[in-house]
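Chain by chain, the residues:
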Amino acid sequence: NNMGNMLTDQGLFEEAMPYYSEALETRRRVLGDEHPSTLNSINNMGYLLNALGRHDEALPYYTEALSTSRRVLGAEHPDTLGSINNMGILWYSKGEYEKAVDLFVQALEARRRTLGDDHPHTLNSINNIGAVLFKLNRFQDALPYHELMFETTSRSMGVDDPRTLESLEGLIRLHDAW
């Protein structure tokens, strides 16, 4: 699994496939389908397939990870919220922006409650909502998310942090499109 993560982080998705497959098969056999490590491997397979553009193949993995996480870990467990976010990313990748925005909002609301406003996962959800609203040409709706992302990253990470600069870029793109 760690080798698959390392290769995925380097963008070597095809090379990561056998490692993620082996980790998932082994974890299912040894730990069972509901173990958090197995759920992590299921999510990893979904992520990898989505990154490869194989969205329809990713969907069953994300669906299984989300439904099992909700049942086993609870609706507001960080891993469940990660699964909700991942499902949103899948729909975003498929161009199903309305489905994506609903999931991103669901993840953001729960992440704010459980992790706080400045947590990186919360910021990720804020960013995702701004991006999907931008894709939907809902510029006025997207603006508060882009502004919040920039304000929060500037304050919590500093003005020179790459996340802050990326959020500034998103804000500029939004203003240019509007």
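These lines cover the structure that appears in this document, whether it is placed above or below. (Residues numbered from 1 in each chain as written. Predicted model: local features only at pLDDT ≥ 70, side-chain atom pairs only at ≥ 80, totals over all residues. Heavy atoms only, no water.)

## Description of the overall build of the protein chain
In terms of regular secondary structure, the protein chain is built from nine helices and zero strands. Ordered by position in the sequence, the α and β elements of the protein chain form the string α-α-α-α-α-α-α-α-α. Radius of gyration (C-alpha) of the protein chain: 17 Å, near the 16 Å computed for a compact globule of 178 residues. Taken over the C-alpha atoms alone, the protein chain extends approximately 50 × 30 × 30 Å along its principal axes. Counting all 178 residues of the protein chain, 38% fall into the buried class. Restricting to contacts in the protein chain with at least 6 residues of sequence separation, those with at least 24 account for 48%. Total accessible area on the protein chain is roughly 9300 Å²; 51% of this is exposed by carbon and sulfur atoms. Taking the average location of the 16 positive side-chain charges in the protein chain and that of its 26 negative ones, the two points are 4 Å from each other. (Helix = DSSP H or I, 4+ residues; strand = E, 2+ residues; numbered from the N terminus. Rg over C-alpha atoms; globule rule 2.2 N^0.38 Å. Buried < 20%, exposed > 50% of the residue type's maximum accessible area, 1.4 Å probe, protein only. Contact = heavy atoms within 4.5 Å. Areas by Shrake-Rupley, 256 points an atom, 1.4 Å probe, with all protein chains shown as cover. Lys, Arg positive; Asp, Glu negative; His and termini not counted. Charge placed at Lys NZ, Arg CZ, Asp CG, Glu CD.)

## What to know about the nonpolar core
In this structure, Ile84 and Met87 are the most contacted members of the largest nonpolar core, which totals 37 residues. Among the secondary structure elements, those contributing two or more residues to this core are helix H2 (13-31), helix H3 (36-51), helix H4 (55-72), helix H5 (78-93), helix H6 (97-115), helix H7 (120-135), helix H8 (139-157) and helix H9 (162-177). If you tally residues by element for this core, the top one is H6, at seven residues. The contacts of Met87, once residues within four sequence positions are left out, are Leu59, Tyr62, Thr63, Leu66 and Leu103. (Core = buried A, V, L, I, M, F, W, Y, C linked by side-chain atoms within 4.5 Å.)

## Looking at the packing of H7 against H9
Taken N-terminus to C-terminus, the directions of H7 and H9 make an angle of 20°; their axes are 11 Å apart at the nearest point. Of the possible angle classes, the one that applies to H7 and H9 is roughly parallel. Judged by the twist between their axes, the crossing of H7 over H9 is left-handed. On H9, the residues touching Pro120, Leu123, Asn124 and Phe134 of H7 are Arg163, Arg173, Leu174 and Ala177. In the contact of H7 with H9, the residues fall into five nonpolar, one polar and two charged. (Axes fitted to C-alpha atoms, helices over the stretch in contact; angles between N-to-C directions. Parallel < 35°, antiparallel > 145°, perpendicular 65-115°, else oblique. Left-handed = near helix turned anticlockwise from the far one by under 90°. Nonpolar A, V, L, I, M, F, W, Y, C, P; charged D, E, K, R; others polar.)

Shape is all these values report; function is a separate question.
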